[in-house]
Amino acid sequence: MKENSLTHGIKFKDKLGYAMGDMGGLLTFSLIGAFQNKFYTDVLHISPAKIMVLILVARLWDAINDPIWGAFIDSRKPTRHGRFRPYIFWFSIPLAVSAVLMFTIIPNLDEAKYLLFAYVTYILYGMMYTAVNIPYGSLASVVTDDEKERSSLSMWRSIGAGIGGLPGTILLPMIVYTTTIGADGTKIQTLNGTKLTIGVLILSVISVAIYFGHYKLTKERIAPPKKQKSNYNAFKTISDLVKNRPFVMLCLASMLLIAFQFYYQSTYTYLFADYYHSAGLYSMVTICTYLPMAILIPIMNKLIDKFGKKELCAYGLAFAAIVSFILFFIKTSNPYVFLVFTFFSGLGQTFLVLEVWALVMDVIDYHEIRTHRREEGTAYAFFSFTRKLGQTLAGVGLNALLAFISYDGEASANGQLLPQAVLDRLYNISTLVPAIALALMAVIIAFGYNLSKKKLAVLHTELEEIRQNEE
């Protein structure tokens, strides 16, 4: 990669190209939160307890795989196509294939064989997603060094993620369920595995095309420091990262964010299908969650200039937590009232969702100030792994709670309604757990993450001086 003295001045195509990276990934990744658990319980008939073990085993492997991949990327010299972009493009193809396999049904297998197939395909998908997502997450820090442009890239990434998640969370819920009528006239909605597999196949093919567009439109502008290129030590980097307070606090907050997102996406799938008997309305959850994003994006930079990223995220999360606790206490039987509260909770969440990647770039800059080393790959691998731990918390927690409330995954397939007591407990776990997660995130960002608006201004001046002295 040739050095370029222009380290900012990104154009619309940079923003669009960067957004397409998460758009391609979320076309399939969003399906995990929306459908995977219900696919395992209701289509493959795997028990929640066994799904918990599967998720834990996958995360144990990630604990080995993710740091190795991040260290490998940091230890490689940039190619003429860039330091990160080639990995994103070439691994997008096996990522798409593994997504299809993860939602494939092989006829006439018993639970043990389905479980083995689930282990292989789930872990394979996780590895391929790591192969793409670590270099993608690291990419923004070499696209521009300007704070406002980085904030803009973070918002565009969130836009790309939101658009990428739309087919899986809005379109598919309206077409992959089969409706039957119970003995008392109540609608019983059953997940159709074959329709879901076809939908995943189509989305996976589209994802590869989108990744190609991402590759063509993005440009890496910032070269690593010259003195660093032949002096990489993974253990020292990890040691320095765990001593980096804002990095650790952001990892914890982001872990809870991904846990919160996966948990509510999965539980709401059950809630709208089994409690409200309106599986198609699940698509409105995504709209209500992301509509605030569309409202706030035009004014986000002005709000950041006035209040700061950390400050906005902390207050927003506190507001979302209060709304979610109210939703738990009112125990509404009206799905539309539930969706209104979901909108206001989404309004508070939006600040962290839009700015989390800008915060990641800030803590990577802080790492460079403390160590005079630029190590995006390892830093993002560590960060990415903590987000996978959040995914694990969601998966393990959800299945533990499903077992606790005596959820029967075969009931809808057999045309049976769940007992009212089970449904009431399903509502409780769908609202109280997200409220607690939001409250914890608010506390971590407000009192743990210490890169305030004033401190960031000082840090950016220090970083500019360091880079000038190393030229």
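Cut-off values and rules
Residues numbered from 1 in each chain as written. Predicted model: local features only at pLDDT ≥ 70, side-chain atom pairs only at ≥ 80, totals over all residues. Heavy atoms only, no water. Helix = DSSP H or I, 4+ residues; strand = E, 2+ residues; numbered from the N terminus. Buried < 20%, exposed > 50% of the residue type's maximum accessible area, 1.4 Å probe, protein only. Contact = heavy atoms within 4.5 Å. Areas by Shrake-Rupley, 256 points an atom, 1.4 Å probe, with all protein chains shown as cover. Lys, Arg positive; Asp, Glu negative; His and termini not counted. Charge placed at Lys NZ, Arg CZ, Asp CG, Glu CD. Pairing = 2+ DSSP bridges. Patch = residues over 30% accessible without salt bridge, like charges linked within 9 Å, V, L, I, M, F, W, Y side chains within 5 Å. Salt bridge = Lys/Arg side-chain N within 4 Å of Asp/Glu carboxyl O. Bend = angle between axes of the 7 residues up to and from the residue. Phe/Tyr/Trp six-rings, centres within 6.5 Å; stacked < 30°, edge-to-face > 60°. Lys NZ or Arg CZ within 6 Å of the ring centre and 35° of its normal.

Considering the overall build of the chain
Helix and strand counts for the chain come out as 14 helices and two strands. Seen through its C-alpha atoms, the chain measures out along the principal axes to roughly 75 × 45 × 35 Å. Residues classed as buried in the chain amount to 60% of the 471 residues present. In the chain, the share of contacts with a sequence separation of at least 24, taken over all contacts with a separation of at least 6, comes to 86%. When the accessible area of the chain is evaluated, it comes to approximately 18900 Å², of which 67% is carbon and sulfur surface. Here the chain holds 42 positive side-chain charges and 33 negative ones, and the gap between their average locations is 4 Å.

Considering the pairing of strand β2 (residues 187-191)
Of all five residues in β2, four are buried, a share of seventy percent or more. Of the pairings in the sheet, the one linking strand β1 (residues 177-181) to β2 comprises five bridges and is antiparallel in character. Bridging from a neighbouring strand, Thr179 pairs with Gln189 of β2.

Observations concerning unusual backbone geometry
One non-glycine residue, His45, lies in positive phi territory at about 60 degrees. Tracing the chain through its elements places His45 in the loop between α1 (12-43) and α2 (48-75). A positive phi is found at Lys331, a non-glycine position, where the angle reads about 45 degrees. Tracing the sequence through the fold places Lys331 in the loop between α10 (309-330) and α11 (335-371).

Concerning a nonpolar patch on the surface
Judged by side-chain polarity, Trp90, Ile93, Val97, Leu101 and Leu124 come together as a nonpolar surface patch covering roughly 450 Å² of accessible area. The greatest single-element share of the nonpolar patch, amounting to four residues, is contributed by helix α3 (residues 85-102). Its location among the elements puts Ile93 in helix α3. By relative accessible area, which is 40% here, Ile93 ends up partly exposed.

Quick look at helix α9 (residues 282-307)
Taken as a whole, α9 carries its principal kink of about 60 degrees at Ile299. What α9 keeps buried is the set Tyr282, Ser283, Val285, Thr286, Cys288, Thr289, Pro292, Met293, Leu296, Met300, Leu303 and Ile304. With its phi angle positive at about 100 degrees, Gly308 sits one or two positions after the end of α9.

Focus on the packing of aromatic side chains
Any pair of aromatic rings gets described here by the distance separating the centres and the angle formed by the planes. If you walk through the whole model with that rule in mind, you get 29 aromatic pairs. Measuring from ring centre to ring centre gives 6.2 Å for Phe39 and Tyr40, while their planes differ by 50 degrees; the resulting arrangement is tilted. A relative accessible area of 0% places Phe39 in the buried class. Exposure remark for Tyr40: the relative accessible area of 2% places this residue in the buried category. Joined through ring pairs, the aromatic side chains of Phe260, Tyr264, Tyr268, Phe272, Tyr275, Tyr276, Phe338 and Tyr427 make up one cluster. Sitting above the plane of the Phe328 ring, Lys331 keeps its charged end 4.0 Å from the centroid.

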